[in-house]
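# Observations on the three-dimensional arrangement
So you can see what is in the structure, the chains are spelled out below.
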Amino acid sequence: MNPGCANFLRCLRCGHSPLEVSARVQTSTRVMEGWIHCLACQSKWPVIAGVPRFVAHPDYTRSFGEEWNLFSKTQLDSYTGTTVSRDRFREVTQTDPSELEGKHVLECGCGMGRFIEVLAESGSEVIGIDYSTAVDAAFRNTQQYPNVTIIQADLYNLPLRPDCFDFVYSIGVLHHTPDTRKALHAIAAHVKPGGQLAVWVYRKYRLFRPYRLYRYFLRRLSAETVLKMVKFYHPIPWFLRRIPIVGKSLSVFLPIVDYRGVLPLRSEHQREWSYLDTVDALTPWFEWRHVPDEVKRWFEELGYERIVLGGTPCSVIAKRPKAARAETIRETASVCVA
Ligand SMILES: C[S@@+](CC[C@H](N)C(=O)[O-])C[C@H]1O[C@@H](n2cnc3c(N)ncnc32)[C@H](O)[C@@H]1O
């Protein structure tokens with residue numbers, strides 16, 4: 001961890017801030033092993049392999065930890081040699097990374113860090129948090145950037161001071177938690193008055209998709225086992241989907257995610273992304289789906305202003321009002337999370 005980020009930390013037990021960092025092993029820019037202490041109530045949390053750990057067990061996010069450590073580089077722009085992740089960030093947050101240069105940014109549910117890499121390159125001061133062991137992949141992928149800190153924590157109860165960040169975002173995460181609306185309320189409390197919050201959550205489908213039924217059973221298996229199954233049946237829908245008009249319908253019972261013709265990836269990367277996102281669809285414990293107006297209403301409840309729906313359905317960015325109304329937002333957020 002970057003020791004400077006201790007100023008942003010808050011004790012999970014008594015709320016005291018800042019916390020103290022003591023290093024056992026460190027490099028010139030990072031604490032690799034050590035402890036985070038609260039001097040007020042004497043609580044402490046470990047720093048292991050460069051990551052402060054505020055959760056002891058990954059709980060319902062187990063499959064994500066496995067998935068992101070199996071595919072730890074797949075979606076990094078530095079790995080694909082494309083700007084797919086940068087473009088995706090711009091599309092769903094309606095914000096160009098260059099606008100965030102020098103700003104304090106928080107990503108909630110950073111996975112293996114594909115968007116953190118984009119923002120680190122653009123000069124933001126970024127904290128990425130994730131509940132799962134994906135933080136190990138995220139740390140490895142971003143450790144060369146002194147402006148990045150990765151923390152293992154639960155977004156419902158973040159060890160971070162409220163009202164602190166210029167920009168908070170969460171892409172493809174809140175619907176994978178027990179309650180999407182409560183998750184939004186929880187992270188909203190960390191935006192500073194006048195700052196912005198951008199999220200994207202899954203939209204509702206009109207028709208039932210068989211993968212949802214499969215997920216009900218497959219989420220009990222390890223991501224590695226599901227990946228073996230996907231690799232086994234993958235050639236059939238991969239071939240069927242090339243057949244014009246009927247191809248997609250024919251392959252609906254052997255679901256795969258297919259970006260051919262959608263994303264500018266080399267063929268070996270197309271297949272790797274397909275494996276990754278198919279496992280990603282089949283293994284999460286929670287997966288809620290929403291409509292854009294519903295998400296907009298949650299921002300209204302929070303008192304946010306300038307709420308703008310993006311072109312990607314269920315992507316929203318909004319501004320937290322300055323001063324007076326901000327207090328109401330904090331109160332609303334704590335009532336919702338309690
Ligand atoms: C589909 S992945 C998206 C990762 C990243 N945002 C991306 O688009 O590449 C969802 C991530 O949310 C994380 N997550 C789920 N519940 C969480 C929680 N309560 N607190 C923090 N992270 C959580 C999972 O561990 C997982 O890495």
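Residues numbered from 1 in each chain as written. Predicted model: local features only at pLDDT ≥ 70, side-chain atom pairs only at ≥ 80, totals over all residues.

## A few points about the overall build of the protein chain
Helix and strand counts for the protein chain stand at 13 helices and 11 strands. Compactness check: the protein chain gives a C-alpha radius of gyration of 20 Å against a globular reference of 20 Å for 338 residues, within 12% of the reference. For the C-alpha atoms alone, the extent of the protein chain along its principal axes is close to 65 × 45 × 35 Å. Within the span of the protein chain, comprising 338 residues, buried residues form 42% of the whole. Taking the intrachain contacts of the protein chain between residues at least 6 apart in sequence as the baseline, contacts between residues at least 24 apart amount to 63%. (Helix = DSSP H or I, 4+ residues; strand = E, 2+ residues; numbered from the N terminus. Rg over C-alpha atoms; globule rule 2.2 N^0.38 Å. Buried ≥ 20, exposed ≤ 12 C-beta atoms within 10 Å, placed from the backbone. Contact = placed C-beta atoms within 7 Å.)

## Details of the sheet that holds strand β4 (residues 51–52)
The antiparallel open sheet is built from four strands, whose spatial order is β1-β2-β3-β4. Each of the sheet's edge strands pairs with one partner strand only, and the pair in question is β1 (20–26) and β4. (Pairing = 2+ DSSP bridges.)

## Here's the deal with the pairing of strand β3 (residues 44–48)
Alternating residues of β3 divide into W45 and V47, all buried, and K44, P46 and I48, none buried. Here four bridges tie strand β2 (residues 31–37) to β3, and the two strands are oriented antiparallel to one another. Each residue of the ladder has a partner; that of I36, found in β3, is W45. Counting the residues in the hairpin turn of β2 and β3 gives six residues, including Q42, whose phi is positive at 70°.

## So, helix α12 (residues 292–301)
Burial in α12 covers these residues: V295, W298 and F299. Down the axis of α12, the sector holding all buried residues measures 100°, keeping them to one side. Seen from the buried face of α12, the exposed residues on the opposite side, beyond 90 degrees, are D293 and E300. In this structure, the buried side of α12 is in contact with α6 (180–188), β10 (305–309) and β11 (315–319). Positioned one or two residues after α12, G303 has a phi angle of 80°, which is positive. (Arc of directions from axis to C-beta.)

## What to know about the domain arrangement of the protein chain
Assigned domains of the protein chain: these are domain 1 (1–53), domain 2 (64–202 + 290–337) and domain 3 (210–281). Placing a centre on the C-alpha atoms of domain 2 and another on those of domain 3 gives a separation of 27 Å. In this complex, domain 2 contributes eight residues to the contact, which on the side of domain 3 involves 13 residues. Element by element, the count of residues in the side of domain 2 that touches domain 3 is highest for helix α1 (residues 62–70), at three residues. Of the residues belonging to the side of domain 2 that touches domain 3, the class tally is three nonpolar, three polar and two charged. (Domains from an automatic or database assignment. Nonpolar A, V, L, I, M, F, W, Y, C, P; charged D, E, K, R; others polar.)

## Let's talk about helix α3 (residues 84–93)
Burial in α3 covers these residues: V84, S85, R88, F89, V92 and T93. Considered in projection along α3, the buried side chains sweep an arc of 135° and stay on one side of the axis. Of the surrounding elements, those touching the buried residues of α3 are α2 (77–80), α4 (114–121), β8 (165–171), β9 (191–200) and β11. Where α3 ends, the next residue or the one after it, Q94, has phi of about 55°, a positive value.

## Section: the site of the ligand
Contacts to the ligand come from 21 residues, most closely from F64, G109, G111, Y131 and S132. Within the shell around the ligand, the residues separate by chemical class into 10 nonpolar, seven polar and four charged. (Near = placed C-beta within 6 Å.)

## Quick look at the sheet that holds strand β6 (residues 125–130)
In spatial order, the strands read β7-β6-β5-β8-β9-β11-β10; together these seven strands make up an open sheet with mixed pairing. Strand pairing shows two members of the sheet lacking a second neighbour, β7 (148–152) and β10, which therefore form its edges. Put simply, the sheet's adjacent strands are angled 15° from each other on average, direction ignored. Two strands pair when backbone bridges link them, and β10 and β11 are joined in this way by three bridges, in the antiparallel orientation. Of the residues in β11, the one forming a bridge with V308 is I317. Against the sheet, helix α5 (residues 134–142) makes contact with β6 and β7, and its axis sits at roughly 170° relative to β7, the strand it touches most. Packing against the sheet, α6 makes contact with β5 (104–108), β8 and β9, and its axis sits at approximately 150° to β9. (Axes fitted to C-alpha atoms, helices over the stretch in contact; angles between N-to-C directions.)

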